[in-house]
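Close look at the chain arrangement
As a plain string of letters, each chain reads:
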Amino acid sequence: MITINTPEAMRAWARCQKEQRQRIALVPTMGYLHEGHLSLVAAAKQHADSVIVSIFVNPLQFGPSEDLDRYPRDLQGDLDKLARAGADVVFTPASHAIYNDQFDTHIVPNQLAQTLCGASRPIHFRGVCTVVELLFRITLCDVAVFGEKDYQQLQIIRRMVTDLWLDVDIIGMPIVREADGLAMSSRNAYLVGEQRQHALVLQRAMHTMQRAVDSGDPQWRSTQKLCDRARAIISDVPSAHIDYVEIVHPDTLQPLEQITPNQPGRAVLAVWIGKTRLIDNCELSVL
Ligand code: AMP
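No experiment lies behind these values; they were computed from the predicted model shown. (Residues numbered from 1 in each chain as written. Predicted model: local features only at pLDDT ≥ 70, side-chain atom pairs only at ≥ 80, totals over all residues. Heavy atoms only, no water.)

Some details on the site of the ligand
Around the ligand sit 17 residues, and of these His37, Gly147, Asp150, Val176 and Met184 come closest. In the model, an oxygen atom of the ligand is placed 2.9 Å from a nitrogen or oxygen of the histidine 37 side chain. Its free accessible area being 490 Å², the ligand has 93% of it covered by the protein chains. Contributions of two or more residues to the shell around the ligand are made by β2 (24–29), α2 (35–47) and β5 (143–147). Tallying contributions element by element places α2 first for the shell around the ligand, with three residues. The residue inventory of the shell around the ligand, partitioned by class, reads nine nonpolar, six polar and two charged. (Near = heavy atom within 4 Å. Polar contact = N/O pair within 3.5 Å; in protein donor to acceptor, adjacent residues only side chain to side chain. Areas by Shrake-Rupley, 256 points an atom, 1.4 Å probe, with all protein chains shown as cover. Helix = DSSP H or I, 4+ residues; strand = E, 2+ residues; numbered from the N terminus. Nonpolar A, V, L, I, M, F, W, Y, C, P; charged D, E, K, R; others polar.)

A few points about the packing of aromatic side chains
Here the structure, examined in full by the defined rule, presents three aromatic pairs. Ring geometry for phenylalanine 56 and tyrosine 99: centres 6.1 Å apart, planes at 45°, overall tilted. One end of the pair, phenylalanine 56, is in the loop between β3 (50–55) and α3 (75–85); the other, tyrosine 99, is in the loop between α4 (95–98) and α5 (116–120), with 43 residues separating them in the sequence. Comparing phenylalanine 56 with tyrosine 99, the two get one shared label, buried. Pairing tyrosine 99 with phenylalanine 103 gives two aromatic rings, centres 4.8 Å apart and planes at 75°, and the pair type is edge-to-face. The rings of Phe56, Tyr99 and Phe103 are connected pair by pair, giving a single aromatic cluster. In this structure, arginine 70 packs its charged tip against the face of tyrosine 190, placed 4.3 Å from the ring centre. We note lysine 225 situated over the ring of tryptophan 220; from NZ or CZ to the ring centre the distance is 5.6 Å. (Phe/Tyr/Trp six-rings, centres within 6.5 Å; stacked < 30°, edge-to-face > 60°. Buried < 20%, exposed > 50% of the residue type's maximum accessible area, 1.4 Å probe, protein only. Lys NZ or Arg CZ within 6 Å of the ring centre and 35° of its normal.)

What about the sheet that holds β5?
Strands sit in the order β1-β4-β3-β2-β5-β6 across an open sheet of six strands; the sheet is parallel. Looking at strand neighbours, the two that pair on one side only are β1 (2–4) and β6 (169–173), the edges of this open sheet. The sheet shows a mean angle of 25° between the axes of neighbouring strands, taken without regard to direction. The sheet strands contacting helix α6 (residues 124–139) are β2, β3, β4 (89–91), β5 and β6, and the helix crosses β2 at an angle near 145°. The strands touched by helix α7 (residues 151–163) within the sheet are β5 and β6, with β6 carrying the most contacts at an inclination of about 170°. (Pairing = 2+ DSSP bridges. Axes fitted to C-alpha atoms, helices over the stretch in contact; angles between N-to-C directions. Contact = heavy atoms within 4.5 Å.)

Structural data, given as structure tokens:
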């Protein structure tokens, strides 16, 4: 495994691979890696001859009051994990190498980015799309792997790739969880004391919704009723504060009124546990 830290060297390496007709996979990350990230690397290996993992805490996707400065970092730990996982290249550019002083071009997603996380983080997906498109161009990747953990992000990137005719296959991978069900996230490191236990309420709320649907009682096809139920469970936890709890169309991310055998929904949640904002999601389907 090699480490590359300039866009120029990264693209030169990628060009060389392309000349040898090698297929390149990219796994974009912000580092502080966990098993969820490593599952993306494993998937990437199945789809390409070489795997690039980028580690870049992208300033463009953080709002002014967000956690850019305190985002957890552990480059040496990340490199050890990636070497064991079989990555070929770790791309770790400095912020100014990606965004020079005159940088002035953004990719701005529209409708899909206005709801859910986009509503409370207005510039977030603009930053995500801009950096992902840059990483695609720098790494010349044929395929890129993302987690369903960031479900809205995955749908926005799929849309961007289609709309802009980007020649990159997008693979979405399921959420990897801790043994007790908490979705793995670099931000879980912020949870202190009993907040770690409180954080399980996201999973509990989603399970309750799925169980209600599975009961077969038609009243539980109403997304309003399901979300009310989930919100009540979350509100019972002292340190929890709901940003959103919704059931949306899996592709358009627009709110659904009902889920039916023909129309599964995606339950999407964002909940503050103390000062830590956690997201989670799951499919909700009627049997
Ligand atoms: P991040 O480092 O948080 O920007 O995440 C980098 C990639 O890892 C994104 O595609 C995430 O969706 C994905 N990811 C993060 N957490 C998980 C998880 N628990 N399971 C699967 N994928 C994940």
